[in-house]
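Spelled out from the first residue to the last, the chains are:
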Amino acid sequence: MRALILGGTGEANRLADAAARLRLDAIYSYAGRTESPAPQSLPTRIGGFGGTDGLADYIRTERITHLVDATHPFAAEIRRNAVAACAATGAALIALERPPWRRSPADNWIEVEDVAAAAAALPDQHARVFLAIGRQHLAPFAAKPQHAYTLRLADAPDEALPLREASIIVSRGPFALAGDLDLIRSRGIEWIVARNAGGSGAFAKIEAARQLCLPVVMIGRPALPERRATESIDDVLAFLGHDACLGA
Ligand code: NAP
C-alpha cells in the first residue's frame, strides 16, 4: 500500500497526522495556491500534476496504490481528474468530504448553481455585499458594479481585482461567530455570498447571517462522477488497510 493524499483542507491535514502516526507509506499533495501552506508530518509535494494524464503518470511512477481525494468540495477539476486517473491506472480511490450545510427554517438562503447565478441573484440597487468565495471566482461580479464588496482572502491579491469597489480582508480560517458578527455589523453588510463548503471552519458567517436575518446567496457544489466517499477519517484509514485504534 502506498497512498497519495490530495490535500489543501483541514480534513486532509487531520488525515495526514493520523497516517503519519500509523507510519503509513503516504505522500501529501498541495496545489501550491497559498503562499505558506501548513507543514505536514508526511512527505509533501507541491504543484499541479498536469491534468488527468499527469496525475495518472504520477500514480504509475510513484507506484501509488490508493488515492485519497481530500480536496475542497469546490475543487472540481482535481476531483474529476482523480476519478479519471484512478480509472486509467487501477489505483483505488476514496473521497474524504464534509457534508454540505443544511438550510434551517431560520435561514434566508437563495440557493444557486454557480458563481454566475450568484452574481445574478444580487439586487439591482446598491448593497454592501460580503463575497466569501475566493479570489478565482470574482469575475462574474463585475456585472454588478453598483455594489460595495467586502472580500476575505487567504493571501493579499497580487493583481488588480475585477471589481470597482472592493475592500479586502486578508485572513485564514477557521473563523469564529463573534468575529464574523463584528465584521458584518461594522461594515454594514446587507448580503452574503457563500459556497456550500460544509464543515465548521467557515460556518460562522452562515450562523451570523442567521442571527442577523441577512440573505445568503448559497452556491451549490459542483456535480462530480460517482465515486466512493466518506466523511470519516477512520473509514479512510480502514480503506488504507489500517485500524485507527492501532495508532492511539
Ligand atoms: P481545482 O480548480 O479543482 O484544481 C485546479 C488544478 O490545480 C488541478 O487541475 C490541479 O492541477 C491542481 N490541483 C488542485 N488541487 C491539487 C492538489 N491537492 N495537489 C496537486 N495539484 C492540485 O482546485 P482549486 O479550487 O483551485 O483548489 C486548489 C487547492 O486548494 C485544492 O488542493 C483544494 O483542496 C484547496 N482549497 C480549495 C478551496 C476552494 O475554495 N476551491 C478552498 C480551500 C482549499 P493539474 O491539473 O495540473 O494537476
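Residues numbered from 1 in each chain as written. Predicted model: local features only at pLDDT ≥ 70, side-chain atom pairs only at ≥ 80, totals over all residues. Heavy atoms only, no water.

Draft legend 1. Seen up close, the sheet that holds strand β9 (residues 166-170). Pairing in this open sheet of six strands is parallel, and the strands run β6-β11-β10-β7-β8-β9 from one edge to the other. Where the open sheet ends on each side, the last strands, each with one partner, are β6 (108-112) and β9. Each strand axis lies, on average, 20° off the axis of its neighbour in the sheet, ignoring direction. The pairing of strand β8 (residues 148-153) with β9 spans five bridges and is parallel. Paired with R152 across the bridge in β9 is I169. Lying on the sheet, helix α6 (residues 204-212) is in contact with β6, β7 (128-132), β8, β10 (191-195) and β11 (215-219); it crosses β10 at an angle near 145°. (Pairing = 2+ DSSP bridges. Helix = DSSP H or I, 4+ residues; strand = E, 2+ residues; numbered from the N terminus. Axes fitted to C-alpha atoms, helices over the stretch in contact; angles between N-to-C directions. Contact = heavy atoms within 4.5 Å.)

Draft legend 2. Examining the packing of aromatic side chains more closely. Throughout the structure, instances matching the rule amount to four aromatic pairs. The aromatic ring of F49 is capped on one face by R45, whose charged end is 3.9 Å from the ring centroid. (Phe/Tyr/Trp six-rings, centres within 6.5 Å; stacked < 30°, edge-to-face > 60°. Lys NZ or Arg CZ within 6 Å of the ring centre and 35° of its normal.)

Draft legend 3. Broad picture of the side chain of D69. Along the chain, the position of D69 falls in strand β4 (residues 66-69). By relative accessible area, which is 1% here, D69 ends up buried. Of the polar contacts made by the side chain of D69, one reaches the side chain of R79; its length is 3.4 Å. Contact partners of D69, with chain neighbours within four places excluded, come to L6, R79, A82, L93, I94, A95 and L96. (Buried < 20%, exposed > 50% of the residue type's maximum accessible area, 1.4 Å probe, protein only. Polar contact = N/O pair within 3.5 Å; in protein donor to acceptor, adjacent residues only side chain to side chain.)

Draft legend 4. Geometry of α6. Taken together, the buried positions of α6 are occupied by A204, K205, I206, A208 and A209. Of the surrounding elements, those touching the buried residues of α6 are β6, β7, β8, α5 (177-186), β10 and β11.

Draft legend 5. How the structure looks around the domain arrangement of the protein chain. When the domains of the protein chain are assigned, the result is domain 1 (3-99 + 223-239) and domain 2 (108-219). In this structure, domain 1 and domain 2 have C-alpha centres spaced 28 Å apart. Taken together, the contacts link nine residues of domain 1 with eleven residues of domain 2. A per-residue breakdown of the area domain 1 buries against domain 2 is headed by R33, F74 and R98, which together make up 54% of the total. In this structure, the connection of domain 1 to domain 2 is made through zero salt bridges. The interface formed by domain 1 and domain 2 includes two residue pairs in polar contact (both at pLDDT 80 or more). (Domains from an automatic or database assignment. Buried area = accessible area lost by both parts, 1.4 Å probe. Salt bridge = Lys/Arg side-chain N within 4 Å of Asp/Glu carboxyl O.)

Draft legend 6. Expanded view of the sheet that holds strand β3 (residues 44-46). If you trace the six strands from one edge of the open sheet to the other, you get β3-β2-β1-β4-β5-β12, paired in parallel fashion. Edge positions in the open sheet fall to β3 and β12 (229-230), since each of these has one partner strand only. Note: strand β5 (residues 92-96) against β12, two bridges, orientation parallel. Bridging across to β12, L96 finds its partner in T230.

Draft legend 7. A look at the site of the ligand. Close to the ligand lie 24 residues, the nearest being G7, S29, F49, G50 and R195. Separating an oxygen atom of the ligand from a backbone N or O atom of G51 is a distance of 3.0 Å. E77 places a polar main-chain atom, nitrogen or oxygen, 2.9 Å from an oxygen atom of the ligand. For the ligand, whose unbound accessible area comes to 800 Å², protein coverage reaches 82%. Sorting the residues of the shell around the ligand by element identifies β2 (26-30) and α3 (76-89) as the ones contributing at least two each. Ranked by residue count, the leading element in the shell around the ligand is α3, at four residues. For the shell around the ligand, the residue count by class is eight nonpolar, twelve polar and four charged. (Near = heavy atom within 4 Å. Areas by Shrake-Rupley, 256 points an atom, 1.4 Å probe, with all protein chains shown as cover. Nonpolar A, V, L, I, M, F, W, Y, C, P; charged D, E, K, R; others polar.)

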